[in-house]
Amino acid sequence: MTTAQARTDAASTTLDVQPTPLALLLLGREADPRSERGVECPGELPSPSDPDLVERARAAKEKLGDKVFVLGHHYQRDEVIQFADVTGDSFKLAKDAAARPEAEYIVFCGVHFMAESADILTSDDQKVVLPDLAAGCSMADMATAEQVAECWDVLTDAGIADRVVPVSYMNSSADIKAFTGKHGGTICTSSNARRALEWAFEQGEQVLFLPDQHLGRNTAVRDMGLSLDDCVVYNPHKPNGGLTAEQLRAAKMILWRGHCSVHGRFSLESVEDVRARIPGVNVLVHPECKHEVVAAADYVGSTEYIIKTLDAAPAGSKWAIGTELNLVRRVAAAHPDKEVVFLDKTVCFCSTMNRIDLPHLVWALESLAEGKLVNRIQVDAETEGHAKLALERMLALP
């Protein structure tokens with residue numbers, strides 16, 4: 001049995017989940033060509049069976065000293081998180097990187113769009129490294145610059161582009177953030193999506209929300225009191241997004257047809273099943289889940305909200321959490337006095353996030369320690385300028 005398989009079996013036993021062949025490219029062992037940004041490692045990747053991996057990572061990190069700053073996203077593997085200087089969600093980590101100007105190298109244990117955000121917010125002297133270039137994000141890849149430019153042409157032809165304000169989720173590429181900044185919009189996180197939408201509606205009459213339809217819909221309907229009829233879904237794979245000009249003109253929220261492959265799998269049946277199995281359970285989900293799941297949950301919030309809610313929960317309380325499994329396992333281990341279960345019965349790791357494993361981290365750290373810069377993520381100056389404008393608008397939100 002491999003180490004990865006052992007971890008999967010342990011997770012299944014602990015949180016009552018069963019791995020399946022379709023479990024989102026389990027642990028990143030398969031390839032998703034739609035979200036790959038390169039899978040070849042330009043060097044000798046250590047064997048995952050090397051018993052000295054932990055010591056090698058520690059030694060390389062110590063050799064680099066203050067020159068390196070390692071960021072670990074909440075969804076990352078435990079074997080990698082142990083070497084993170086800070087942990088958090090994508091935007092918190094990018095801000096943490098910007099707050100460490102003395103660090104020459106920022107090693108981002110996350111996914112591609114997160115590393116791009118860190119490069120945008122850090123100085124030109126700092127170099128952002130992604131240990132595996134294949135660590136992409138399927139949601140971010142669901143909106144390309146070409147598709148969004150075509151969408152804007154459709155809105156222009158419908159006569160509404162001048163009253164539409166783009167709001168893009170942090171989980172988007174630098175190109176989409178740049179488009180947002182160039183067209184007067186702002187970025188949002190799952191924590192401040194409502195404030196971002198309120199700001200957008202003060203600037204214009206309609207919002208183009210990219211790329212996660214569920215966060216946009218849940219924020220508009222659940223948090224701001226709009227109706228489902230106020231929302232339409234723009235499908236970039238259909239002519240004119242699959243919508244008529246009349247539908248576009250009537251909508252308050254034009255939602256991009258994108259979603260998170262992890263959170264999108266939770267269903268209303270999952271909620272009903274866990275309530276039947278565990279009387280008195282509290283259902284806590286991320287706002288990237290489908291609207292019917294969010295409507296049926298007891299608590300809804302960002303990754304940081306989920307962690308803080310469990311921290312504050314009374315001993316003996318019962319919780320079913322709908323988010324990425326690495327995080328759920330970590331929260332469950334941190335709260336042995338509470339019953340914490342995974343909302344779904346099948347394994348639900350973020351497959352591309354899990355591509356950042358210990359061998360890739362060791363390879364990246366040892367390369368840097370030897371003076372070799374590898375896997376640098378660098379956003380071009382023009383894109384960075386427009387993207388930073390959108391991010392600065394978000395930072396200025398009240």
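Residues numbered from 1 in each chain as written. Predicted model: local features only at pLDDT ≥ 70, side-chain atom pairs only at ≥ 80, totals over all residues. Heavy atoms only, no water.

Chemist: Can you help me understand the overall build of the protein chain in this one?
Modeler: When its secondary structure is counted, the protein chain shows 16 helices and 14 strands. The proportion of buried residues among the 398 residues of the protein chain is 58%. Counted over contacts in the protein chain with a minimum sequence separation of 6, partners at least 24 positions apart contribute 68%. Carbon and sulfur atoms make up 49% of the accessible area of the protein chain, which amounts to about 16,200 Å² in all. (Helix = DSSP H or I, 4+ residues; strand = E, 2+ residues; numbered from the N terminus. Buried < 20%, exposed > 50% of the residue type's maximum accessible area, 1.4 Å probe, protein only. Contact = heavy atoms within 4.5 Å. Areas by Shrake-Rupley, 256 points an atom, 1.4 Å probe, with all protein chains shown as cover.)

Chemist: Quick question: what am I supposed to make of helix α15 (residues 358–369) here?
Modeler: Because an α-helix packs 3.6 residues into every turn, residues spaced three or four apart end up facing the same way. For α15, spanning 12 residues, the distance from its first C-alpha to its last is 16 Å, which sits close to the expected 16 Å at 1.5 Å a residue. Residues of α15 that are buried: Leu 358, Pro 359, His 360, Leu 361, Val 362, Trp 363, Ala 364, Leu 365, Ser 367, Leu 368 and Ala 369. Buried residues belonging to α15 abut α2 (53–64), β1 (68–73), α3 (78–81), β3 (105–109) and β4 (127–129). Within two residues after α15, Gly 371 carries a phi angle of roughly 85 degrees, on the positive side. (Expected span 1.5 Å × (residues − 1).)

Chemist: Would you explain the sheet that holds strand β5 (residues 164–169) in this entry?
Modeler: The pairing of strands in a sheet happens through backbone hydrogen bonds and is either parallel or antiparallel. Reading across the sheet, the 5 strands line up as β6-β5-β7-β9-β8 and stay open at both edges, with parallel pairing between neighbours. Looking at strand neighbours, the two that pair on one side only are β6 (186–188) and β8 (231–234), the edges of this open sheet. Pairs of neighbouring strands in the sheet enclose a mean axial angle of 25 degrees, with direction left out of account. Of the strand pairs in this sheet, β5 and strand β7 (residues 206–210) are connected by 5 bridges, and their pairing is parallel. For Ser 168, the partnering residue across the bridge sits in β7 and is Leu 210. (Pairing = 2+ DSSP bridges. Axes fitted to C-alpha atoms, helices over the stretch in contact; angles between N-to-C directions.)

Chemist: What should I look at first to understand the nonpolar core in this one?
Modeler: The biggest cluster of nonpolar side chains holds 106 residues, and the ones touching the most others in it are Val 107, Phe 209, Met 253, Val 285 and Leu 365. Examining the composition of this core, we find that 8 residues originate from one element, α15, more than from any other. Those residues in contact with Met 253, other than ones at most four positions away along the chain, are Leu 197, Phe 201, Val 207, Phe 209, Gly 216, Ala 220, Leu 226, Asp 230, Cys 231 and Val 232. Ranked by size, the runner-up nonpolar core spans 21 residues in total, among them Leu 155, Phe 179, Leu 248 and Trp 256. (Core = buried A, V, L, I, M, F, W, Y, C linked by side-chain atoms within 4.5 Å.)

Chemist: Quick question: what am I supposed to make of the pairing of β1 here?
Modeler: Each regular strand shows side chains that alternate between the opposite faces of the sheet. When you tally the buried positions in β1, you get 6 out of 6 residues, the bulk of the element. By the alternation rule, side chains of β1 split into Val 68, Val 70 and Gly 72 and Phe 69, Leu 71 and His 73, which are all buried. Here β1 pairs with β3 via 5 bridges, running parallel. Directly across from Leu 71, in β3, lies its bridge partner Phe 108.

Chemist: Honestly, the packing of helix α8 (residues 193–203) against helix α9 (residues 213–223) in this entry has me stumped. Any pointers?
Modeler: Between two packed helices, both the angle of their axes relative to each other and the distance between the axes serve to describe the pair. At a minimum axis distance of 10 Å, the contact between α8 and α9 shows a crossing angle of 80 degrees. Relative to α9, α8 is oriented roughly perpendicular. Across the interface between the two elements, Ala 193, Arg 194 and Leu 197 of α8 pack against Leu 215, Gly 216, Thr 219, Ala 220 and Asp 223 of α9. Tallied by class, the residues present in the contact of α8 with α9 amount to 4 nonpolar, 2 polar and 2 charged. (Parallel < 35°, antiparallel > 145°, perpendicular 65-115°, else oblique. Nonpolar A, V, L, I, M, F, W, Y, C, P; charged D, E, K, R; others polar.)

Chemist: How should I be thinking about the packing of aromatic side chains in this particular structure?
Modeler: Scanning the entire structure with this criterion turns up 4 aromatic pairs. Ring plane angle 25 degrees and centroid distance 5.3 Å describe the contact between Tyr 234 and Trp 256, whose orientation is recorded as stacked. Note that Tyr 234 is positioned in strand β8 and Trp 256 in strand β9 (residues 253–256), a separation of 22 residues in sequence. Residue Tyr 234 is classed as buried on the basis of its relative accessible area, which comes to 1%. With a relative accessible area of 0%, Trp 256 lands in the buried category. Centroid distance Tyr 299 to Trp 319: 5.4 Å. Interplanar angle 45 degrees. Geometry classified as tilted. Of the two residues, Tyr 299 is situated in strand β11 (residues 299–300) and Trp 319 in strand β12 (residues 318–322); the sequence distance between them amounts to 20 residues. (Phe/Tyr/Trp six-rings, centres within 6.5 Å; stacked < 30°, edge-to-face > 60°.)

Chemist: What is the right way to read the pairing of β12 from this model?
Modeler: Among the 5 residues that make up β12, 4 are buried, leaving the element largely enclosed by the rest of the structure. Summarising the sheet, strand β10 (residues 282–285) and β12 pair through 4 bridges and their orientation is parallel. Residue pairing for β12: Val 283 is matched across the bridge by Ala 320. With 4 bridges connecting them, β12 and strand β13 (residues 339–342) associate as parallel partners.

Chemist: What is the right way to look at the pattern of salt bridges in this model?
Modeler: Pairing is possible between side chains that carry opposite charge, provided their charged atoms lie close to one another. In total, this model carries 17 salt bridges according to the counting rule given. Here Lys 61 and Asp 85 are joined by a salt bridge, their closest N and O atoms 2.8 Å apart. Residue Lys 61 is located in helix α2, and its partner Asp 85 is located in the loop between α3 and β2 (86–88); the two are separated by 24 residues in the primary sequence. Of the residues examined, Asp 85 reaches a relative accessible area of 36% and is grouped as partly exposed. Ionic pairing is found between Arg 275 and Asp 298, a salt bridge with its closest N-O pair at 3.2 Å. Residue Arg 275 is located in helix α11 (residues 268–277), and its partner Asp 298 is located in the loop between α12 (291–296) and β11; the two are separated by 23 residues in the primary sequence. A relative accessible area of 30% places Arg 275 in the partly exposed class. Asp 298 sits in the partly exposed class, given a relative accessible area of 36%. Several salt bridges converge on common partners, so that one network encompasses Asp 50, Arg 56 and Glu 366. (Salt bridge = Lys/Arg side-chain N within 4 Å of Asp/Glu carboxyl O.)

Keep in mind these numbers describe shape, not what the thing actually does.
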